2 protein chains.
Amino acid sequence: MGDNEVKKISMAVIKRLPRYHRYLAELLRRDITRISSAELSRLMGLTASQIRQDLNNFGGFGQQGYGYNVSDLYYAINRILGLNTSYNMIIVGAGNLGQALANNTDFSKRGFILKGLFDINPKLIGLKIRDVEIMDIDVMEEFIYTEEIDIGVICTGRESAQETADRLVKAGIKGIWNFAPEDIKVPEDVALENVHLSDSLLTLSYIMNEKKLARKFS
Amino acid sequence: MGDNEVKKISMAVIKRLPRYHRYLAELLRRDITRISSAELSRLMGLTASQIRQDLNNFGGFGQQGYGYNVSDLYYAINRILGLNTSYNMIIVGAGNLGQALANNTDFSKRGFILKGLFDINPKLIGLKIRDVEIMDIDVMEEFIYTEEIDIGVICTGRESAQETADRLVKAGIKGIWNFAPEDIKVPEDVALENVHLSDSLLTLSYIMNEKKLARKFS
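Residues numbered from 1 in each chain as written. Chains lettered and ligands numbered in written order. Predicted model: local features only at pLDDT ≥ 70, side-chain atom pairs only at ≥ 80, totals over all residues. Heavy atoms only, no water.

Trainee: I'd love a proper account of the overall build of chain A, names of residues and values included.
Mentor: Check the secondary structure of chain A and you find 9 helices and 10 strands. In terms of overall dimensions, chain A has C-alpha extents of about 60 × 55 × 35 Å along its principal axes. Here chain A holds 218 residues, and the buried ones make up 49% of them. In chain A, the proportion of contacts linking residues at least 24 apart, taken out of those at least 6 apart, comes to 55%. Accessible surface computed for chain A: about 10900 Å², of which carbon and sulfur atoms make up 48%. Charged side chains in chain A number 27 positive and 28 negative. The centres of these two groups are separated by 11 Å. (Helix = DSSP H or I, 4+ residues; strand = E, 2+ residues; numbered from the N terminus. Buried < 20%, exposed > 50% of the residue type's maximum accessible area, 1.4 Å probe, protein only. Contact = heavy atoms within 4.5 Å. Areas by Shrake-Rupley, 256 points an atom, 1.4 Å probe, with all protein chains shown as cover. Lys, Arg positive; Asp, Glu negative; His and termini not counted. Charge placed at Lys NZ, Arg CZ, Asp CG, Glu CD.)

Trainee: If you had to explain the packing of helix α1 (residues 11–29) of chain B against helix α2 (residues 37–44) of chain B to someone new, which residues and values would you point to?
Mentor: All names here are of chain B. Where α1 contacts α2, the axes come no closer than 11 Å and their chain directions differ by 105 degrees. Compared by their axis directions, α1 and α2 come out roughly perpendicular. Contacts between α1 and α2 involve Arg19, Tyr20, Tyr23 and Leu27 from the former and Leu40, Leu43 and Met44 from the latter. Class assignment for the residues of the contact of α1 with α2 results in 6 nonpolar, no polar and 1 charged. (Axes fitted to C-alpha atoms, helices over the stretch in contact; angles between N-to-C directions. Parallel < 35°, antiparallel > 145°, perpendicular 65-115°, else oblique. Nonpolar A, V, L, I, M, F, W, Y, C, P; charged D, E, K, R; others polar.)

Trainee: Explain helix α8 (residues 158–170) of chain B to me, and be specific about the residues and the numbers.
Mentor: An α-helical segment advances 3.6 residues per turn. Residues three or four places apart therefore align on the same side. All names here are of chain B. Those residues of α8 not exposed but buried are Ala161, Thr164, Ala165 and Leu168. End-on, the buried residues of α8 take up no more than an arc of 105 degrees, which puts them together on one face. In α8, the exposed residues that point more than 90 degrees away from the buried face are Glu159, Glu163 and Lys170. Following α8 by one or two positions, Gly172 adopts a phi angle in the positive range, close to 105 degrees. (Arc of directions from axis to C-beta.)

Trainee: Which residues make up the sheet that holds strand β6 (residues 128–129) of chain B, and what values do they have?
Mentor: Residues and elements named next belong to chain B. Taken together, the 7 strands give an open sheet; going across it, the order is β6-β7-β5-β4-β8-β9-β10, and neighbouring strands pair in mixed fashion. Either end of the sheet is taken by a strand with one partner, and the two such strands are β6 and β10 (191–194). Where strand β4 (residues 87–92) and strand β5 (residues 112–119) come together, 6 bridges link them in parallel fashion. Following the sheet pairing, Ile90 is matched in β5 by Gly116. Strands in contact with α8 are β4, β8 (151–154) and β9 (175–178); relative to β8, the strand with the most contacts, it is inclined by about 170 degrees. (Pairing = 2+ DSSP bridges.)

Trainee: Summarise the sheet that holds strand β7 (residues 132–136) of chain A; cite the residues concerned and give the values.
Mentor: Pairing within the open sheet is mixed, and its 7 strands lie in the order β6-β7-β5-β4-β8-β9-β10 (chain A). At either end of the open sheet lies a strand with only one pairing partner, and these are β6 (128–129) and β10 (191–194) of chain A. Two elements, β6 of chain A and β7 of chain A, share 2 bridges in a ladder whose sense is antiparallel. From the neighbouring strand, Ile129 of chain A faces β7 of chain A, where its bridge partner is Val132 of chain A. On top of the sheet, helix α9 (residues 197–217) of chain B reaches β4 (87–92), β5 (112–119), β8 (151–154), β9 (175–178) and β10 of chain A; it is set at about 160 degrees to β10 of chain A, its chief contact.

Now the structure itself:
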């Protein structure tokens, strides 16, 4: 593997890759083999120059007068996103949110395999969500070890989030997907992605406010 | 209101504002009245220059040798985010995800008041989540009108997302928070915030993959 493959790409570009991946998957499903940056631009609501700039980060997939080969581009992004492999995943906190995530079949389609759910609530322990058992959090570390779990999803309340993260990291987890409304801390070599739902709602109210002002002053 | 107040701020800055808002709220709770950009930087894991640059977008809240007045800054960001008012909200789709959102008390604390849930499933209709009733989607438009609903949250499946959005828009909704794994389309004057959970998971696997390569090549 050459140096090019580990070069640093800006987080803004990374954050757009899953969206490209999603649109390209849809094109593949529709048996579309190539697409111009102009067409892709219309489809995705980005400018064609933005698309060319983004995809240039990953080498020359586009060809003048031909456009992009959909399948080549899809599998290249697939590999960049680390999706050419599968991941074993557990969910900690089996309340409504944990159960909603466990019920989402999109994740397993992309290679994120849910192996177990954990909770402290005796009423939940032993129940199954789509064939995956809710277990006592006391056996979590052993489960992570024996089932070779890669990713821990934190769906606990705010107050248990950091403690849960610490336990997951200590047990060898390499990626944490955090839904608790708390900025948790993890060591440098552990990947962390926070989903702050409130932040997203606040972005919505900002845009609403901006549009309201625009109506008022236009 | 002057021109300054409607000036365009980059989406990257906007996306960071909720996080500033969250940290400032915590400082206020702890009765901290002022903070330097250096301290705020340490707390939030951003560089001090990034913080100064971000906050400069909103005028001169910082003072040389004094730092930021926490309360002034908090309320300014509060207003920019449109949080100096409250919003009436409904959730469409009362499955696990819809119920998880309905159970989240963080939203109402920030002024997003859940007025109703809607579903097509007769087994769910009539149930209550934290005193809010799940109603038949047939009465949704009337409810939006009489209860003056501002925001519609889409927690339906992929296949009903666009139709739900169209109904919400036609009924006068001005903001849509979409959790369905589908890029829906709305008219220019309607605010839309998509939460693509899969995209977030793909970002996590990208970071995991990058850290794995870093370990391999270091």
